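# Breakdown of the fold
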Amino acid sequence: MLLERRRIALVEDDPIMGESLLQRLTLEGGTVKWWRDGTAAAREVPRFKPDIVICDIRLPQMTGEDLFRQMSDKTAAPFLFITGYGDVDQAVRLMRAGAGDYLTKPFPMDEFLGRLDGLLRPIESEASGVLGLSSGMQAIETLLLRLANRPAPVLVTGETGVGKEVCARFLHARSASAEEPFVAVNCAAIPDDLIESEIFGHERGAFSGAVDKHLGYAERAGGGTLFLDEIGEMPLKLQGKLLRLLENREIDRVGGAAPVPFRARVVTATNQALPRAVAEGRFREDLLYRINVVSIEVPPLRDRPEDIPWLMQRFFDALTQDGTSLRGISSLAEEAAIAHAWPGNVRELRNRVERAVALADGDWIAPVDLFPEQPAPADTTSVVASLATARDAAERREIVRALGATSGQIGDAARLLSVSRTTLWEKMRRFGLGS
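What comes next is a walk through the structure. (Residues numbered from 1 in each chain as written. Predicted model: local features only at pLDDT ≥ 70, side-chain atom pairs only at ≥ 80, totals over all residues. Heavy atoms only, no water.)

## Notes on the pattern of salt bridges
Using the criterion set out here, one finds 21 salt bridges in the structure. Residues Arg 253 and Glu 203 are paired through a salt bridge, measuring 2.7 Å at the closest nitrogen-oxygen approach. With Arg 253 in the loop between β9 (250–251) and β10 (260–261) and Glu 203 in the loop between α8 (192–200) and α9 (217–220), this residue pair connects regions lying 50 residues apart in the sequence. Taking relative accessible area as the criterion, Arg 253 reaches 13% and is therefore assigned buried. A salt bridge links Arg 304 to Asp 307, with the shortest nitrogen-to-oxygen separation between them at 3.3 Å. Accessibility expressed as a relative area gives 0% for Asp 307, which makes it buried. Bridged by salt links that share partners, the residues Glu 12, Asp 56 and Lys 105 form one connected network. (Salt bridge = Lys/Arg side-chain N within 4 Å of Asp/Glu carboxyl O. Helix = DSSP H or I, 4+ residues; strand = E, 2+ residues; numbered from the N terminus. Buried < 20%, exposed > 50% of the residue type's maximum accessible area, 1.4 Å probe, protein only.)

## Quick word on the pairing of strand β3 (residues 52–56)
Counting buried positions along β3 yields five of five residues, so the element is predominantly enclosed. Burial of the side chains of β3 extends over both faces: Ile 52, Ile 54 and Asp 56 are buried on one face and Val 53 and Cys 55 on the other. Pairing between β3 and strand β4 (residues 79–83): four bridges, direction parallel. Residue pairing across strands places Ile 54 opposite Leu 80, the latter belonging to β4. The handedness of the β3 to β4 crossover, carried by helix α3 (residues 64–71), is right-handed. (Pairing = 2+ DSSP bridges. Right-handed = clockwise from strand over helix to strand, strands pointing away.)

## Quick notes on the sheet that holds strand β11 (residues 265–270)
With respect to topology, five strands assemble into an open sheet ordered β7-β8-β11-β6-β12, the strand pairing being parallel. Every interior strand has two partners, whereas the edge strands, β7 (182–186) and β12 (294–297), have only one. Between one strand and the next, the sheet's axes are offset by a mean angle of 20 degrees, whatever the strand orientation. Looking at chain direction, β7 and strand β8 (residues 225–229) are connected through five bridges and run parallel. Counterpart to Asn 186 in the pairing with β8 is Asp 229. Strands in contact with helix α7 (residues 164–173) are β6 (154–157), β7, β8 and β11; relative to β7, the strand with the most contacts, it is inclined by about 160 degrees. (Axes fitted to C-alpha atoms, helices over the stretch in contact; angles between N-to-C directions. Contact = heavy atoms within 4.5 Å.)

## Side note on the nonpolar core
Generally speaking, a soluble globular protein has its nonpolar side chains buried in company with each other. Counting 33 residues, the largest nonpolar core has Met 312, Leu 349, Ile 365 and Leu 370 as the members making the most contacts within it. Counting residues per element, the ones that place at least two in this core are α13 (307–319), α14 (331–339), α15 (345–359), α17 (387–405), α18 (410–417) and α19 (421–430). With six residues, α13 is the single largest residue contributor to this core. With 30 residues, the next largest nonpolar core counts Ala 221, Leu 226, Leu 228 and Ile 291 among its residues. (Core = buried A, V, L, I, M, F, W, Y, C linked by side-chain atoms within 4.5 Å.)

Distances and angles like these do not, on their own, reveal function.
Quick look at the structure:
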């Protein structure tokens with residue numbers, strides 16, 4: 001249907017016109033809410049979060065123009081105004097102020113629906129749980145999907161090991177340039193005397209030892225993505241050259257006579273507080289503004305515990321593709337992992353699962369396999385969980401697996417688990433799982 005998954009705010013005081021539009025928009029699949037006066041609409045429409053607002057210009061208590069101007073800083077939804085013949089000049093003025101379109105009464109319904117469809121923005125892809133089940137990671141996934149085909153530079157921040165490069169690779173893979181190269185550069189791993197040549201390239205004879213022309217990472221990225229990790233470690237003298245690359249979209253090879261066009265998107269990442277580095281004189285303020293067009297902070301693993309069992313299972317599956325005698329990860333191991341602080345974040349989690357897969361003695365990965373440095377309890381009965389704890393851990397594990405198998409779709413997961421949607425919601429809330 002034309003308006004499926006669309007939220008439509010209708011502001012119309014005429015009961016006949018309002019009822020007619022309400023019925024037709026609903027038949028077309030839209031979720032429609034109808035307000036009969038501007039004052040109530042001004043108060044309630046922003047909370048409704050519409051995709052579009054259909055609004056009469058002449059309303060009781062408040063005009064459509066007043067409503068539009070009052071709501072311009074509360075919603076980005078386009079306005080389609082319905083006007084009488086005498087309101088055309090006002091409608092034109094509103095369009096110049098940023099309104100979407102207008103129609104003069106009376107109008108054919110097909111024309112109305114066509115104008116409406118023309119104003120609606122394309123439906124953006126929803127998070128599918130590729131980056132995690134937690135609400136924080138799903139919000140990041142949704143934002144990355146929005147940015148996929150928009151060339152703005154992106155700065156990814158977060159502690160070491162949280163998955164900043166994973167986010168950058170996801171952004172690249174969802175873009176129209178996915179077939180182009182993804183070139184990752186760790187700015188902290190290249191010696192200062194080589195970093196300029198490695199990133200920007202050099203011409204033959206540019207310096208002692210430059211026996212051939214060398215294409216730098218920026219040029220090798222082509223029309224894909226240049227990912228500069230640990231950008232805060234880039235030497236100050238090169239930050240100006242990177243700024244020129246971003247602003248002029250040109251690569252200046254070392255020893256080169258003419259610049260080379262730069263076509264790639266730039267994504268940067270850091271675990272540093274760059275504003276502090278600017279204040280300390282270690283990072284250029286103008287470069288920070290240039291790379292920080294869109295900033296995404298990846299939360300540490302300890303702040304998204306619902307992702308821990310999900311990640312453990314993914315790592316376990318990847319590490320046992322060639323076969324294993326292990327049956328899986330025990331519920332006690334999952335509970336121990338959830339209780340761990342994870343100072344090394346996702347990287348630490350993967351390393352611990354890899355070690356456990358290689359060295360576990362039993363059929364199931366146990367807490368001691370994940371955390372061998374922790375002393376075994378003197379009282380052996382303390383390693384036995386109560387039935388209630390074991391049941392909760394098992395339920396939580398199966399819910400996480402069902403959500404992963406259905407890309408986070410609650411209804412589908414409930415069917416897999418043979419429970420009602422309401423029951424699943426309640427259990428998810430009890431176990432602290434994000435929706």
